[in-house]
Amino acid sequence: MTRVAIIPARGGSKRIARKNIKPFHGLPIVAYSIRTALATGLFERVIVTTDDEEIARIAREHGGETPFIRPQSLSDDYAGTMEVVQHALAELGKLGVTPEFACCIYATAPFLQARYLREGLQLLEAQAGKSFSFSVTTFDFPVQRALLVTADGALDAMYPEYRLVRSQDLDTAWHDAGQFYWGRADAWRRGDTLFSPASLPVALPRHLVQDIDTIEDWQRAQWIYAALKAAGEIAETTPSS
């Protein structure tokens with residue numbers, strides 16, 4: 001059984017320049033994803049797919065492989081995760097690598113933990129009819145109580161039908177935690193829908209989840225990482241022998 005990790009890390013990030021190799025607590029941020037993937041011992045190959053030679057070099061320095069360079073057509077602001085993984089699997093196929101499972105791990109996931117990667121694989125292996133498993137967490141406030149600002153600048157309920165429903169009676173809502181997506185390689189190739197009943201949830205606590213899209217997000221992630229490290233919840237990610 002072959003399992004590969006695929007880490008997308010393009011060079012042209014806009015809101016945070018050079019985000020995927022920006023130093024984060026002493027390491028290029030992509031190094032955390034590479035090192036955690038290697039430390040799990042789950043993957044025969046840990047592939048970084050990038051269009052950028054500097055990112056490729058840094059990825060290799062931290063144990064990742066860069067057997068191909070991603071084309072510019074899949075490296076702009078509109079390239080989706082599905083298309084990037086499909087391209088990586090196609091390129092690996094040319095090299096004779098035909099995995100059964102592929103795990104897409106985002107490059108900006110410094111809170112990624114091996115135990116959740118293992119859980120995701122176990123879930124998918126146990127349910128043959130499912131295509132994917134990926135990291136999710138709960139919203140910290142009931143989404144049914146969301147507000148919107150009207151055209152005249154006033155507030156209104158986005159879901160008026162829930163105005164008088166007690167929060168404890170509302171269904172718990174979950175969202176993508178943006179860390180990893182396990183999938184059967186054939187499901188990736190087919191382009192099965194990720195956000196569908198074909199997927200299984202790997203539940204993460206909210207304190208291990210932080211999108212990193214803006215400078216404010218980056219600063220918040222640094223603070224959270226420092227707090228987690230002080231509390232002993234962040235372990236060094238040294239590849240297993």
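Since the structure is predicted, the reported quantities are computational estimates derived from the model, not experimental observations.

The rules behind these values
- Residues numbered from 1 in each chain as written.
- Predicted model: local features only at pLDDT ≥ 70, side-chain atom pairs only at ≥ 80, totals over all residues.
- Heavy atoms only, no water.
- Helix = DSSP H or I, 4+ residues; strand = E, 2+ residues; numbered from the N terminus.
- Buried < 20%, exposed > 50% of the residue type's maximum accessible area, 1.4 Å probe, protein only.
- Contact = heavy atoms within 4.5 Å.
- Areas by Shrake-Rupley, 256 points an atom, 1.4 Å probe, with all protein chains shown as cover.
- Polar contact = N/O pair within 3.5 Å; in protein donor to acceptor, adjacent residues only side chain to side chain.
- Lys, Arg positive; Asp, Glu negative; His and termini not counted.
- Salt bridge = Lys/Arg side-chain N within 4 Å of Asp/Glu carboxyl O.
- Pairing = 2+ DSSP bridges.
- Phe/Tyr/Trp six-rings, centres within 6.5 Å; stacked < 30°, edge-to-face > 60°.
- Lys NZ or Arg CZ within 6 Å of the ring centre and 35° of its normal.
- Axes fitted to C-alpha atoms, helices over the stretch in contact; angles between N-to-C directions.
- Expected span 1.5 Å × (residues − 1).

Caption draft 1: Fine view of the overall build of the protein chain. Broken down by element type, the protein chain carries six helices and ten strands. When each of the 241 residues of the protein chain is scored for burial, the buried share is 48%. Within the protein chain, counting contacts between residues at least 6 apart in sequence, those at least 24 apart form 74% of the total. Accessible area of the protein chain: about 12200 Å², with a carbon and sulfur share of 52%.

Caption draft 2: Inspection of the side chain of T138 at higher detail. With respect to the helices and strands, T138 occurs in strand β6 (residues 132–138). Residue T138 is classed as buried on the basis of its relative accessible area, which comes to 18%. A polar contact is formed between the side chain of T138 and the side chain of R206, at a distance of 2.8 Å. When near neighbours in sequence (up to four residues on either side) are disregarded, T138 contacts T172, A173, W174, H175 and R206.

Caption draft 3: Representation of the side chain of R70 within the structure. Mapped onto the elements, R70 comes out in the loop between α2 (53–61) and α3 (81–94). Put simply, R70 is tucked away with no salt bridge, and the nearest opposite charge, on D51, sits 5.7 Å away. A polar contact of 2.7 Å, which involves the side chain of R70, links it to the backbone oxygen of T49. Within the structure, the side chain of R70 is placed 2.9 Å from the backbone oxygen of L74, a separation counted as a polar contact.

Caption draft 4: Highlighting the pairing of strand β5 (residues 101–105). Most of β5 is tucked away, with five of its five residues classed as buried. Sheet analysis places strand β1 (residues 3–8) next to β5, joined by four bridges and oriented parallel. Note that in β5 the partner of A5 across the bridge is C103. Across five bridges, β5 lies against strand β9 (residues 174–184) in antiparallel orientation. Each residue of the ladder has a partner; that of A102, found in β9, is G183.

Caption draft 5: Region of interest: the pattern of salt bridges. Evaluation of the coordinates by the stated rule reveals 14 salt bridges. The salt bridge partner of R18 is E54, with a shortest N-O separation of 2.7 Å. With a gap of 36 residues between them, R18 in the loop between β1 and β2 (23–24) and E54 in helix α2 connect regions that are remote in the sequence. For E91, the salt bridge is made with K94, and the minimal N-O distance between the two is 2.9 Å. Here E91 pairs with K94, and both are found in helix α3, just three residues apart, close to one helical turn. Here the salt bridges do not stand alone but share partners, grouping R18, D52, E54, R57 and E61 into one network.

Caption draft 6: Geometry of the packing of aromatic side chains. Applying the stated criterion across every chain yields a total of ten aromatic pairs. When the ring of Y106 is compared with that of Y181, the centres are 5.3 Å apart and the planes differ by 65°; the resulting orientation is edge-to-face. With Y106 in the loop between β5 and α4 (114–126) and Y181 in strand β9, this pair connects stretches of sequence that are 75 residues apart. Residue classification places Y106 among the partly exposed residues on the basis of a relative accessible area of 25%. Here the aromatic rings of F111 and Y225 are separated by 6.3 Å at their centres, their planes lie at 20°, and the arrangement is stacked. Highlighted residues: F111 in the loop between β5 and α4 and Y225 in helix α6 (residues 215–230), separated in sequence by 114 residues. Taken together, the ring pairs in this structure connect F24, Y32, F111, W218 and Y225 into an aromatic cluster. Between the NZ or CZ atom of K22 and the centre of the ring of W218, over which it lies, the distance is 5.4 Å.

Caption draft 7: Structural view of the sheet that holds β5. Reading across the sheet, the six strands line up as β4-β1-β5-β9-β6-β10 and stay open at both edges, with mixed pairing between neighbours. Only two strands of the sheet have a single neighbouring strand rather than two, namely β4 (45–49) and β10 (199–203). Within this sheet the neighbouring strands show an average axis-to-axis angle of 30°, counted without direction.

Caption draft 8: Local environment of α6. Taking 1.5 Å as the rise per residue, α6 with 16 residues should run 22 Å; its terminal C-alpha atoms sit 23 Å apart, in good agreement. Turning to α6, the residues buried within the fold contact β2 and α1 (29–40). G232 occupies a position one or two residues after α6 and carries a positive phi of about 80°.

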